[in-house]
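Chain by chain, the residues:
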Amino acid sequence: MHEHVPKNYLRMLTLPWAHLLLLGVSLALFLSSSSLLSLMAPVLLPAGWLLMDSYYVQYIERCLREDLWDIQKTYMEREDSHFWVAESEGEVVAIVSAKPCPVIQMECPLELAWLSVRWSHRNRGIARALSRTVLSFAQQHGYKAVILDVSMVNLEGQRL
Ligand SMILES: CC(C)(COP(=O)(O)OP(=O)(O)OC[C@H]1O[C@@H](n2cnc3c(N)ncnc32)[C@H](O)[C@@H]1OP(=O)(O)O)[C@@H](O)C(=O)NCCC(=O)NCCS
């Protein structure tokens, strides 16, 4: 998750509301005669970065506390969910999970989540293989669909 911070930050800077905010704050600082306020101008961009970074860190910590704290309990003790790892030379190099989508629908699809491959092992088809494993699991358990949430900036994920 954390590797997506720079891409998300750059994308945020391209959004019209971010331009308006930066323009508005810069204008306000320019018009104000307070020297304290004018000192704030150069810290706006790094402050935005830190805010986004801390949002991601908090999200990751929350997931580690909740969903991923006890993988055995969250994923392995139920028939309709599962968690897989890929190993290479005795080390875990990739993970993926599957569990029923939390959204209550007539036909609840299976959600593929936490798909992540270690940098050193990317572009070797590991994510593709893990996704196939999840699709087989879904078929065996009678699911009609599998969903995967991918952010707009995650081009590798979209390609997958
Ligand atoms: C997304 C991710 C799981 C892909 O893992 P991977 O093992 O490198 O992917 P694979 O080698 O199985 O490749 C699967 C497809 O994605 C494409 N792909 C992978 N990395 C890519 C990249 N950097 N740029 C463009 N396409 C890429 C591959 O070309 C392949 O498509 P193809 O068969 O049509 O050529 C990995 O980059 C990752 O862990 N990212 C961080 C975690 C994340 O974003 N998870 C959410 C994933 S939805």
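Preceding block: the structure.
Residues numbered from 1 in each chain as written. Predicted model: local features only at pLDDT ≥ 70, side-chain atom pairs only at ≥ 80, totals over all residues. Heavy atoms only, no water.

**Considering helix α4 (residues 44-65)**
1) Next: Helix length check: α4, at 22 residues, gives a terminal C-alpha distance of 31 Å against a target of 32 Å (1.5 Å per residue), a fit within 8%.
2) Next: Among all positions of α4, only Gly 48, Met 52, Asp 53, Tyr 56 and Cys 63 are buried. Across the axial projection of α4, the buried residues extend over an arc of 130 degrees, all falling on one side. Of the exposed residues in α4, the ones pointing more than 90 degrees away from its buried face are Leu 50, Leu 51, Gln 58 and Arg 65.
3) Next: Contact partners of the buried residues in α4: α1 (5-13) and β3 (110-117). (Helix = DSSP H or I, 4+ residues; strand = E, 2+ residues; numbered from the N terminus. Expected span 1.5 Å × (residues − 1). Buried < 20%, exposed > 50% of the residue type's maximum accessible area, 1.4 Å probe, protein only. Arc of directions from axis to C-beta. Contact = heavy atoms within 4.5 Å.)

**Focus: helix α6 (residues 126-140)**
1) Next: Between its terminal C-alpha atoms α6 stretches 21 Å, which fits the 21 Å expected from 15 residues at 1.5 Å a residue.
2) Next: Turning to α6, its buried residues are Ile 126, Ala 127, Leu 130, Ser 131, Val 134, Phe 137 and Ala 138. Down the axis of α6, the buried side of the element spans an arc of 135 degrees, and every buried residue falls inside it. Summarising the geometry of α6, the exposed residues directed more than 90 degrees from the buried face are Arg 132, Gln 139 and Gln 140.
3) Next: As for α6, its buried residues are in contact with β1 (82-88), β2 (91-100), β3 and β4 (146-147).

**Comments concerning the pairing of β1**
1) Next: Relative to β2, β1 is paired through seven bridges, and the arrangement is antiparallel. Of the residues in β2, the one forming a bridge with Ser 88 is Glu 91.
2) Next: The hairpin formed by β1 and β2 contains two residues between the paired strands, and Glu 89 there has a positive phi angle of roughly 50 degrees. (Pairing = 2+ DSSP bridges.)

**Some points on the pairing of β3**
1) Next: Note: β2 against β3, six bridges, orientation antiparallel. Looking across to β3, one finds that Ala 94 is bridged to Val 117.
2) Next: For β3 and β4, the ladder comprises two bridges, and the chain directions are parallel. Bridged to Leu 110 within β4 is Val 146.
3) Next: With α6 bridging β3 and its parallel neighbour β4, the resulting β-α-β unit is right-handed. (Right-handed = clockwise from strand over helix to strand, strands pointing away.)

**Quick word on the pattern of salt bridges**
1) Next: The full count for this structure, using the stated rule, is five salt bridges.
2) Next: Among the salt bridges present, the one from Arg 78 reaches Asp 80, with a minimum N-O distance of 2.9 Å.
3) Next: You can call Arg 78 partly exposed: its relative accessible area is 46%.
4) Next: Residue classification places Asp 80 among the partly exposed positions, given a relative accessible area of 22%.
5) Next: Among the ionic pairs, Glu 91 bridges to Arg 118, the shortest N-O distance being 2.8 Å. A residue pair is termed long-range when its members are at least 10 positions apart, and Glu 91 in strand β2 and Arg 118 in the loop between β3 and α6 qualify at 27 residues.
6) Next: Overall, Glu 91 belongs to the partly exposed group, its relative accessible area being 44%.
7) Next: With a relative accessible area of 39%, Arg 118 lands in the partly exposed category. (Salt bridge = Lys/Arg side-chain N within 4 Å of Asp/Glu carboxyl O.)

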